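# Observations on the model geometry
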Amino acid sequence: MSDAVVRFERVGATDAEAGLTAVELTRRARLRSAEDRASFTAAHLLVRECAGELLGVAGHGLVVAQSCATCGRVGHGRPTIVGHPEVHVSLSHTRGCVAAIAARSSCGIDVESVHRGPVPSAVLTEREASWVRAEADPALAFTTLWVRKEALVKAGAGSLETVGSLDVLDAEHRLGVRAWAEPPYVGTWVVPNQAP
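Computed from a prediction, not measured in an experiment: that's the story for all the values here. Here the residue numbering is sequential within each chain, running from 1 through the sequence in written order. In view of the model being predicted, local features appear only for residues whose pLDDT reaches at least 70, and side-chain atom pairs are presented and counted only at 80 or more, with totals across whole chains, interfaces and linings using the full set of residues. Side-chain metrics in this entry use all non-hydrogen atoms of the structure; hydrogen atoms and water are not considered.

Starting at the N terminus, helices and strands are each numbered in turn, a helix being any DSSP run of H or I of at least four residues and a strand any DSSP run of E of at least two. Summing up its helical and strand segments, the protein has five helices and eight strands in all. Counting from the amino terminus, the protein carries its helices and strands in the arrangement β-α-α-β-β-β-β-β-α-α-α-β-β. Restricting the calculation to C-alpha atoms gives the radius of gyration, and the globule rule supplies 2.2 Å times the number of residues raised to the power 0.38. Rg of the C-alpha trace for the protein: 16 Å, near the compact-globule value of 16 Å for 196 residues, within the 12% margin. Counting only C-alpha atoms and orienting by the principal axes, one finds that the protein spans roughly 50 × 35 × 35 Å. Looking at the protein as a whole, 43% of its 196 residues qualify as buried. Considering only contacts in the protein between residues 6 or more positions apart, those separated by 24 or more positions represent 58%. Surface exposure of the protein reaches about 9,800 Å², of which carbon and sulfur atoms provide 55%. Each charge class in the protein can be summarised by its mean position, and for the 20 positive and 22 negative side chains these summaries are 4 Å apart. The rule is simple: take the accessible area with a 1.4 Å probe, protein chains only, and divide by the maximum for that residue type; under 20% is buried, over 50% is exposed, in between is partly exposed. Pairs of residues are marked as contacts when any of their non-hydrogen atoms sit within 4.5 Å. Areas reported as accessible are Shrake-Rupley estimates using a 1.4 Å probe. Residue values count occlusion only from the protein chains shown. In this tally, Asp and Glu contribute negative charge and Lys and Arg positive charge; neither His nor the terminal groups of the chain are included. Every charge is mapped to an atom, namely NZ of Lys, CZ of Arg, CG of Asp or CD of Glu.

Mapped onto the elements, Ala38 comes out in helix 2 (residues 34–55). As a C-alpha pair, Ala38 and Glu9 span 29 residues in sequence and 12 Å in three-dimensional space.

The antiparallel open sheet is built from three strands, whose spatial order is 6-8-7. Taken across any chain shown, the strands that pair with only one partner, and hence form the sheet edges, are strand 6 (108–113) and strand 7 (178–182). Across the sheet, the mean angle separating the axes of adjacent strands is 15° when strand polarity is ignored. When strand 6 meets strand 8 (residues 185–190), the two strands line up antiparallel, connected through six bridges. Bridge pairing in strand 8 places Glu112 opposite Val186. Where helix 4 (residues 138–154) meets the sheet, it contacts strand 6 and strand 8, and its direction lies at approximately 150° from that of strand 6. Strands were regarded as paired on the criterion that DSSP finds at least two bridges between them. Lines fitted to C-alpha atoms define the axes, with helix axes restricted to the stretch in contact, and inter-axis angles between N-to-C directions lie between 0 and 180 degrees.

Here we come to the environment of Ala157. Residue position: Ala157 is located in the loop between helix 4 and helix 5 (171–175). We classify Ala157 as partly exposed; its relative accessible area is 38%. Each C-alpha atom of the pair Ala157 and Val64 lies 22 Å from the other, and the pair is 93 residues apart in sequence. Those residues within four positions of Ala157 in sequence are excluded, and the remaining contacts are Leu152 and Leu166.

Looking now at the pattern of salt bridges. In what follows, salt bridge is the name for a side-chain nitrogen of Lys or Arg lying within 4 Å of a carboxyl oxygen of Asp or Glu. In this structure the tally under the stated criterion is 12 salt bridges. One salt bridge in this structure joins Asp110 and Lys154, with 3.7 Å as the shortest N-O distance. On the criterion of sequence distance, the pair formed by Asp110 in strand 6 and Lys154 in helix 4 is long-range, its members being 44 residues apart. The closest approach of N and O atoms between Asp167 and Arg127, which form a salt bridge, is 2.9 Å. Of this pair, Asp167 sits in the loop between helix 4 and helix 5 while Arg127 sits in helix 3 (residues 126–134), and the two are 40 residues apart along the sequence. Exposure remark for Asp167: the relative accessible area of 19% places this residue in the buried category. In this structure, a network of salt bridges that share partners links the residues Arg7, Glu49 and Glu53.

On to unusual backbone geometry, then. Cis geometry is found at the peptide bond from Pro183 to Pro184, where omega equals 10°. Considering the arrangement of structural elements, one finds Pro184 in the loop between strand 7 and strand 8.

The N-to-C vectors of helix 3 and helix 4 enclose an angle of 145°; their axes lie 7 Å apart at closest approach. Of the two possible hands of crossing, helix 3 and helix 4 adopt the one that is right-handed. Facing Glu128, Trp131 and Val132 of helix 3, the residues of helix 4 in contact are Pro138, Ala141, Phe142, Leu145 and Lys149. Note that Gly is not counted as nonpolar here; it falls among the polar residues with everything else outside the nonpolar set of Ala, Val, Leu, Ile, Met, Phe, Trp, Tyr, Cys and Pro and the charged set of Asp, Glu, Lys and Arg. Taken together, the residues of the contact of helix 3 with helix 4 break down into six nonpolar, no polar and two charged. Less than a right angle of anticlockwise turn of the near helix away from the far helix marks a crossing as left-handed, whereas a clockwise turn marks it as right-handed.

Treat this as a map of the structure, not an account of what it does.
Now the structure itself:
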């Protein structure tokens with residue numbers, strides 16, 4: 001029996017929505033771009049598949065719920081699998097690519113297209129900012145650090161308020177962060193309780 005199921009997938013052009021809850025459909029409908037709606041749907045279906053594989057059941061029968069610990073509202077926040085508190089899940093989507101993880105303990109995942117704009121240094125430690133500036137491809141370097149930070153925040157090992165002080169430069173060794181890349185996308189996942 002696996003302790004974690006992780007998947008990254010490219011998203012094709014689709015407008016399928018079968019299997020989403022009413023809350024997910026409402027959130028999906030607010031997305032203006034067909035590409036964004038397709039990525040949202042694919043991520044929410046993929047996290048069900050990962051959880052189903054972890055549990056040894058069909059993923060399409062599982063229900064994903066989200067609620068925000070900060071504001072208490074449903075529809076956003078940390079996702080859970082209804083009726084399975086022993087399963088922890090995380091999902092991510094960007095235009096054209098999605099990622100999901102299901103684990104038996106806290107976990108986080110993120111995927112992004114390489115950020116080609118100015119590097120927002122406020123979210124980096126000074127050591128990270130120096131490293132990004134020294135890299136041959138600063139955009140790839142920044143995005144690599146950013147997906148690490150997002151995955152760790154989703155796993156509960158940091159917060160968005162303090163992400164600028166969360167140093168992830170050597171996170172693979174210290175925190176058990178795992179990397180994935182398929183240009184132009186980079187991704188990271190982590191199960192903190194399984195750190196090396």
